[in-house]
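# Survey of secondary and tertiary structure
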Amino acid sequence: MSRLINALVCASLWLLSPTMLFANSNEAETSTTVAGSFEAGKGTFLLNGKPFVVKAAELHYPRIPRDYWEHRIKMCKALGMNTICLYVFWNAHESEPDKFDFTGQNDLAEFIRLCKENDMYVILRPGPYVCAEWEMGGLPWWLLKKKDIRLREQDPYFMERVDKFQKAVAAQVADMTIANGGPIIMVQVENEYGSYGTDKEYVGAIRDMLRKNFGEEVTLFQCDWASNFLNNGLDDLIWTMNFGTGANIDKQFAKLKEVRPDSPLMCSEFWSGWFDKWGGNHETRAAENMIAGIDEMLSKGISFSLYMTHGGTNWGHWAGANSPGFAPDVTSYDYDAPISESGRPTAKYHALRETLAKYSDRKLPPVPKTILTIKIPEFGLTEVGPLFANLPAPHKDEKIKTMEEYNQGFGSILYRTVLPELPTSTLLTVNDAHDFAQIFLDGKYIGKLDRRLGEKSLQLPSVGKGVTLEILVEAMGRINFGRAIKDFKGITDNVTITENRDGHKFVCDLGDWEVFNLDDKEEFYNSMEYFPVEAFTPGDDGRMPRGVYRTTFNLNKTGDTFLNMETWGKGLVYVNGHPLGRFWEIGPQQTLYLPGCWLRKGENEIVIFDIIGPKKAVTEGLEKPIIDKLQQTAPITHRDATSTLDLSAETAVINGSFAPGNGWQEIDFDSPVKGRYVCLELLNSQDGGDEAAIAELYLTDADGKRISREPWKVRYADSEEVKKGNHAADKTFDLQESTYWSTVSGIAYPHSIVIDLGAPHTLRGLQYLPRMESHTPGAIKDFRIFVKETDFRY
Ligand code: GLA
């Protein structure tokens, strides 16, 4: 009898629509101040004891002008979300040790109050590390003043500082947890620790701090990737998965279901789009895939946070950089999210709203009105403070030091010394310039070293005695991902010149430096002596002087606008004292978002620091942003049209086949083999199609451990899809499992990629991750691997 009843209950459940299944549990009711509860129940979250599906919109308050906070929260509400998920960026709140700031743009408590007023729950992610394409993943640069610090580990100084920061955050918002009648339902412990290391004790120590600060009853969770969450998973925390649009959702949760069959399921970061780096294509992700993923999750009662629902802007110097290699992020954090950088609903927004409406038992609120956009006619910057005529008093140092050692966090730094006589041309090597160095001899520009491109050396002409060498280094964002977050700025070690004399190499370490700190601070820009721009004409390179440009402009109405920086070189912009962020002529971003709430009727002031120099010192306000215009000459692919890899004379180390399906696979060579250049020749695909795709690749050493991919470079890839999406071959070692190299559809197998490891290694095998999408397009079947000490023939 009871079996029959069970069968009937099951049958009737199947007849219910997903909406009905979760209907009465979805809507936020946060306006009450009565203590509530949020916890993990059997297969579902429980809000005040009832099943609840989290539909969270990720927003970062420091990335949105404060005056627009409520507008953006309402946009998320109207989209059909019931929760706001947010990071707390430590470095934005503690710019100097013990100098905490929770006011204005940093008023975390006020932002959370606004969420509550708008009946939205909150998920708090206070780090200490957050990643987020934010400078140093949210860690304050001044931690690096302790040169040997171990970040995100139980280094006593690091932990002491984390403790202080966590206490400061809790002092602001601990009384706003649901147990205290507030909107905060969950708090996150650290962030994707699996992409950094394995250290349960450290993660446990962060958990303990949060429990102490927020109370024993607070619901804590940790997020990671399906491939590594077990490495640091603590028994008493909820585990959630992060993955992107297009991923195979069942597969993403398969391991979790296996180890914890009763766990509620949540994708704590479902990536709606992706971030852009300087010199790369603008990233987009198809709306259909995002919506299909959300629809599938909701139909299965899976909670999610849509990262980002609204990305906003990396104001000032806050954009971070990705690694391996060095890939600095652009200022816009538009992310191809449903709500654009400037708060406008996109086509993705409207389509998603329709889907979310299906899962809501109430009519969604109307979409808030869009903020007015204005056009500002072109105007000139009338004054300039030329950089080299305005240097501050220098430090004198025998040996080179980093920016941090001079107590400088951001901006540029100039190193000057006098060269010995160099009768022949010599090689200048800077170990290492972080991040963009320009070299001058007696004031004349010689060349640049761009860390993105791995440039470290350039040839100097012969010089007589007493010539001045100057190295102007601009710091971009500190790396926010992987072990490389310990990212010192300026020159990190030394500067050498290498002379070739009588067939011998003489290396000389340069000393006796004068160092000028050009900190990204108001005092620096104000200290300049300004001259009328008309007093200068462009040099041979067509550029006006490097330096700080300023002017005022008048408006009779205010509104959002996009400052066109297309005639400028590289630097930073301020309007009425608000830092708008970095610009760089290479793109893809060409305009900077200028929110109307930072403008005033009447006179406004603009300051632009350009370390290369503008071609024309003018700008204008556009009604639409330009964030997808690359202007660089170097190709982003890895094959010149005339060369084709020739493997005819080579012998493969292994011929093999991968298995079908998602997930990591490992191949061992018959015996360890030494080499610097590794070629993977792909012979055919699992589905018989002509595309090949790889999400990630590792090589293992003689002990089976992964070798560092930091120095890796793609030497050759026969085909790369960079028109429809950003699928260049370096995506195979960008540490991101959701991005991938793909060949262009229509180009037949075999396909091949050659990686230069930077130095010879003894290799035992290879680890391969196919792209994540459910139908695994481009998954490779048969392959051959070649390893050589010297480069291949092309
Ligand atoms: C990870 C991090 C986020 C962000 C995204 C990529 O999931 O947790 O902070 O960096 O990647 O945008």
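In case you missed it, the structure is sitting above this.
Throughout what follows, the structure given in this document is the object of discussion.

What counts, and at which threshold
- Residues numbered from 1 in each chain as written.
- Predicted model: local features only at pLDDT ≥ 70, side-chain atom pairs only at ≥ 80, totals over all residues.
- Heavy atoms only, no water.
- Helix = DSSP H or I, 4+ residues; strand = E, 2+ residues; numbered from the N terminus.
- Rg over C-alpha atoms; globule rule 2.2 N^0.38 Å.
- Buried < 20%, exposed > 50% of the residue type's maximum accessible area, 1.4 Å probe, protein only.
- Contact = heavy atoms within 4.5 Å.
- Core = buried A, V, L, I, M, F, W, Y, C linked by side-chain atoms within 4.5 Å.
- Axes fitted to C-alpha atoms, helices over the stretch in contact; angles between N-to-C directions.
- Parallel < 35°, antiparallel > 145°, perpendicular 65-115°, else oblique.
- Left-handed = near helix turned anticlockwise from the far one by under 90°.
- Nonpolar A, V, L, I, M, F, W, Y, C, P; charged D, E, K, R; others polar.
- 1 Å grid on protein atoms, 1.4 Å probe; cavity = no way out; pocket = protein on both sides within 12 Å on 5 of 7 lines; lining within 4 Å.
- Points joined across faces, edges and corners; volume = space filled by probe spheres on them.

### Description of the overall build of the chain
- Broken down by element type, the chain carries 12 helices and 43 strands.
- The C-alpha atoms of the chain give a radius of gyration of 27 Å, which matches the 28 Å a tight globule of 794 residues would have.
- Taken along the three principal axes of its C-alpha coordinates, the chain extends 100 × 75 × 50 Å.
- Counting every position in the chain, which comprises 794 residues, the buried fraction comes to 61%.
- Once local pairs closer than 6 in sequence are excluded, the contacts in the chain between residues at least 24 apart make up 80%.

### Observations regarding the nonpolar core
- Core analysis: the largest hydrophobic core is formed by 167 residues, its most contacted members being Leu 86, Leu 108, Leu 124, Leu 151, Phe 158, Val 173 and Val 573.
- No other element matches helix H6 (residues 156-173), which puts eight residues into this core.
- Beyond its immediate sequence surroundings of up to four residues, Phe 158 is in contact with Trp 90, Pro 128, Leu 139, Leu 143, Ile 149, Arg 150, Leu 151, Arg 152, Glu 153 and Tyr 202.
- One finds Val 714, Trp 741, Tyr 768 and Phe 783 within the second-largest nonpolar core, a separate group that totals 31 residues.

### Side note on the packing of H6 against helix H7 (residues 200-214)
- Two elements in contact, H6 and H7, have axes whose closest approach is 10 Å; the angle formed by their N-to-C orientations is 30 degrees. Put simply, H6 runs roughly parallel to H7. Judged by the twist between their axes, the crossing of H6 over H7 is right-handed. Here H6 contributes Phe 158, Met 159, Val 162, Asp 163, Gln 166, Lys 167, Ala 170 and Val 173 to the contact with H7, which in turn contributes Tyr 202, Ala 205, Ile 206, Met 209, Leu 210, Asn 213 and Phe 214.
- Here the residues of the contact of H6 with H7 are counted per class, giving 11 nonpolar, two polar and two charged.

### Quick word on the layout of surface pockets
- In this structure, the second largest pocket encloses a volume near 1,300 Å³.
- Lining the second largest pocket are 41 residues, with His 317, Trp 318, Asp 520, Tyr 574 and Pro 579 sitting closest to its centre.
- If you list the elements that add at least two residues to the lining of the second largest pocket, you get helix H4 (90-93), strand E6 (94-96), helix H12 (522-526), strand E32 (578-584) and strand E34 (602-610).
- With four residues, H12 is the largest single contributor of residues to the lining of the second largest pocket.
- Taken together, the residues that form the lining of the second largest pocket break down as 16 nonpolar, 13 polar and 12 charged.

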